[in-house]
Each structure stands twice: as C-alpha cells, then as structure tokens.
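One-letter residues, chain by chain:
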Amino acid sequence: MILFLDNDSARAALMYGRMKPEDRDSTIWCKTAEEAIVTLKDYAGSLTSAYLDSSLTENEYSDTRSDNGGMEVVRFLEKAPAQLKISLKSCRFTVHTWDKAAGLKMFTRLFKAGYDVKYRPFGS
C-alpha cells in the first residue's frame, strides 16, 4: 500500500502516471492531514511507502504550525504509540514539496523520530 498526501490533483495524476499499474491499484490519495493520519492508523502494517507534501493549500509555501499540512502528519508520527511505529518500520517516507524550508524541517523531524525517510523537493 502507498499513501500519497497532496492536495494538487495534477501532481497526483503525475504521480499515478509514473507508477507501476499494480501500485496504482494500491495507492490511497489523501488531500488533508486528517485523511493521511487515519490512513496511517488503518493501514500501518501494510504501507510500504508514504509521500508527504508540506503545503495542502493553494499556497506553495507552508505554515508549519497549521493543523492541515504535512507537518501535522509529522507531529502525529513523532507522538505515535510504539506499536504504530513498529508497524511503520517497513514504510519508506518521502517528503515532496516546493517549500524547501518546510520540507527539510519535516525530513529532519521524521529522521530524528527514527523513520526511514528521504527528502525530494520538487524541481530537483
């Protein structure tokens, strides 16, 4: 299973177009932090990849204090119970965003929390 968090339908379509057909059928597209958190809870043992965008608004730059952005998902993951963290050990997180400052902040906090994470800013 793959979690893809991004509010932009064009980026979602681009992502789906780059995937293998079998991955398209097992991808859950979340448009809000709340949807992503529910998906993480419900599919923790099955997720192999999670792609997290920092900004879930029309603005490409993020308010990392917002409760509807990728950082809210990071805050949830930092506080996640040990059992959930263990279930997510096989999940590789990728932070993808235009906002390099917010993306780097998300990457650093996930890394410090012990998650397998990489940072891939848009345009690189």
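Whatever comes next refers back to the structure up there.
Residues numbered from 1 in each chain as written. Predicted model: local features only at pLDDT ≥ 70, side-chain atom pairs only at ≥ 80, totals over all residues. Heavy atoms only, no water.

A word on the environment of Lys85
Its location among the elements puts Lys85 in helix H5 (residues 82-87). Along the backbone, Lys85 and Gly114 are 29 residues apart, and their C-alpha atoms lie at a distance of 8.7 Å. Sequence-distant contacts of Lys85, defined by excluding residues within four places in its chain, comprise Leu77, Glu78, Ala80, Ala113 and Tyr115. (Helix = DSSP H or I, 4+ residues; strand = E, 2+ residues; numbered from the N terminus. Contact = heavy atoms within 4.5 Å.)

Examining the nonpolar core
With 28 residues, the main nonpolar core has Leu3, Leu40, Val73, Leu77, Leu88, Phe93 and Leu110 as its most contacted residues. Only strand E1 (2-5), strand E2 (27-30), helix H3 (33-43), strand E3 (49-52), helix H4 (70-79), strand E4 (92-97) and helix H6 (100-112) provide two or more residues apiece to this core. Looking at this core, the element that brings in the most residues is H4, giving 5 residues. Leave out the neighbours within four places in its chain, and Val73 touches Leu5, Ala33, Ala36, Ile37, Leu40 and Leu52. Core analysis: the next-biggest nonpolar cluster, separate from the first, contains 5 residues, Ile2, Ala12, Met15 and Met19 among them. (Core = buried A, V, L, I, M, F, W, Y, C linked by side-chain atoms within 4.5 Å. Buried < 20%, exposed > 50% of the residue type's maximum accessible area, 1.4 Å probe, protein only.)

Comments concerning the sheet that holds E2
The strand order E2-E1-E3-E4-E5 describes an open sheet built from 5 strands, whose pairing is parallel. Two strands in the sheet have a free side with no partner beyond their single neighbour: E2 and strand E5 (116-121). Neighbouring strand axes in the sheet, compared pairwise and without regard to direction, differ in orientation by 15° on average. Two elements, E4 and E5, share 6 bridges in a ladder whose sense is parallel. In the sheet register, Thr94 faces E5, and the bridge partner there is Lys118. Of the strands in this sheet, E1, E2 and E3 touch helix H1 (residues 9-18), which is tilted by about 170° from E2. (Pairing = 2+ DSSP bridges. Axes fitted to C-alpha atoms, helices over the stretch in contact; angles between N-to-C directions.)

Observations regarding H6
Over its 13 residues, H6 runs 18 Å from end to end, which matches the ideal 18 Å to within 8%, given 1.5 Å per residue. If you check which residues of H6 are buried, you get Ala102, Gly103, Met106 and Leu110. Projection of H6 onto a plane perpendicular to its axis shows the buried side chains occupying an angular sector of 100°, all on one side. Turned more than 90 degrees away from the buried face of H6, the exposed residues are Lys100, Ala101, Phe111 and Lys112. Close packing links the buried residues of H6 with E3, H4, E4 and E5. Of the residues flanking the end of H6, it is Gly114, one or two places downstream, whose phi is positive at about 95°. (Expected span 1.5 Å × (residues − 1). Arc of directions from axis to C-beta.)

That's the geometry; what it means functionally is another story.
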